[in-house]
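# Observations on the three-dimensional arrangement
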Amino acid sequence: GDSVTQMEGPVTLSEEAFLTINCTYTATGYPSLFWYVQYPGEGLQLLLKATKADDKGSNKGFEATYRKETTSFHLEKGSVQVSDSAVYFCALSDGSSNTGKLIFGQGTTLQVKP
Amino acid sequence: KAGVTQTPRYLIKTRGQQVTLSCSPISGHRSVSWYQQTPGQGLQFLFEYFSETQRNKGNFPGRFSGRQFSNSRSEMNVSTLELGDSALYLCASSPRGGDEQYFGPGTRLTVT
């Protein structure tokens, strides 16, 4: 079945460092891809999305490109802030059913130190 | 627009009891999905409702059930609670399903 694999965390960076969180997927059909962020004690917030190959999603300085040839959707940010500390989830929509089912990676914890 | 709301936010139950969680989606959204989040298993899909019909179901036992009302509000029920049901239960809504979902803050269920 469809699946998502993220790099293991935690990832610890200094403020203003460059961030990459790797995400690869396996899927049948043509899924949409998403990055969600979860702050302590909260639900998930949609960070960005891409719906087809070569689409680039971007928001709040984060970006990710839907790479069909490498089945990847890596999250990047040029300069992280302490406020970016959170857990980041890569997800794909279940393209075979076109219903409201998201399949998530295991999450990557990011800690940014001042 | 108001976001997705979930009630209650916290719940403590005893093994063997049952529990009902409620979710109100964003106005105009007809798809409501439920997820269970645990440290060991991560985020797992429970089921999705669209226009009062269950359209997709994850791999959970029959003790987990749900329903959706005509106003798109949804409830999930867990019967005969087990210790392993302790988790954060997240509800998400979307206009039609199949696209981005918007999550509520979750209900933290603790089973003792």
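Scope of this entry: the structure provided in the associated data block. (Residues numbered from 1 in each chain as written. Chains lettered and ligands numbered in written order. Predicted model: local features only at pLDDT ≥ 70, side-chain atom pairs only at ≥ 80, totals over all residues. Heavy atoms only, no water.)

### Notes on the sheet that holds strand β9 (residues 75-77) of chain A
Residue and element names in this part refer to chain A. Here we have 4 strands laid out as an open sheet, ordered β3-β9-β8-β7, and antiparallel in their pairing. Both edges of this open sheet fall to β3 (19-21) and β7 (56-59), since each of them pairs with a single strand only. On average, each strand axis in the sheet is inclined to that of its neighbour by 15°, with strand direction left out of account. Relative to strand β8 (residues 62-65), β7 is paired through 4 bridges, and the arrangement is antiparallel. (Pairing = 2+ DSSP bridges. Helix = DSSP H or I, 4+ residues; strand = E, 2+ residues; numbered from the N terminus. Axes fitted to C-alpha atoms, helices over the stretch in contact; angles between N-to-C directions.)

### Topic: the packing of aromatic side chains
Under the defined criterion, the tally for this structure stands at 12 aromatic pairs over all chains. Relative to Y36 of chain A, the ring of F34 of chain A lies with its centre 6.2 Å away and its plane at 45°, an arrangement referred to as tilted. Assigned by exposure class, F34 of chain A and Y36 of chain A land together as buried. Ring geometry for Y35 of chain B versus F103 of chain B: centroids 5.6 Å apart, planes at 40°, classification tilted. In this pair, Y35 of chain B is assigned in strand β4 (residues 31-38) and F103 of chain B in strand β10 (residues 102-103), connecting sequence segments 68 residues apart. Ring-pair connections join several aromatic residues into one group, and the members of that group are F34, Y36, F89 and F104 of chain A together with Y35, F45 and F103 of chain B. The ring of F50 of chain B is capped by R55 of chain B, whose NZ or CZ atom sits 4.3 Å from the centre of that ring. (Phe/Tyr/Trp six-rings, centres within 6.5 Å; stacked < 30°, edge-to-face > 60°. Buried < 20%, exposed > 50% of the residue type's maximum accessible area, 1.4 Å probe, protein only. Lys NZ or Arg CZ within 6 Å of the ring centre and 35° of its normal.)

Purely geometric numbers; function is a separate question.
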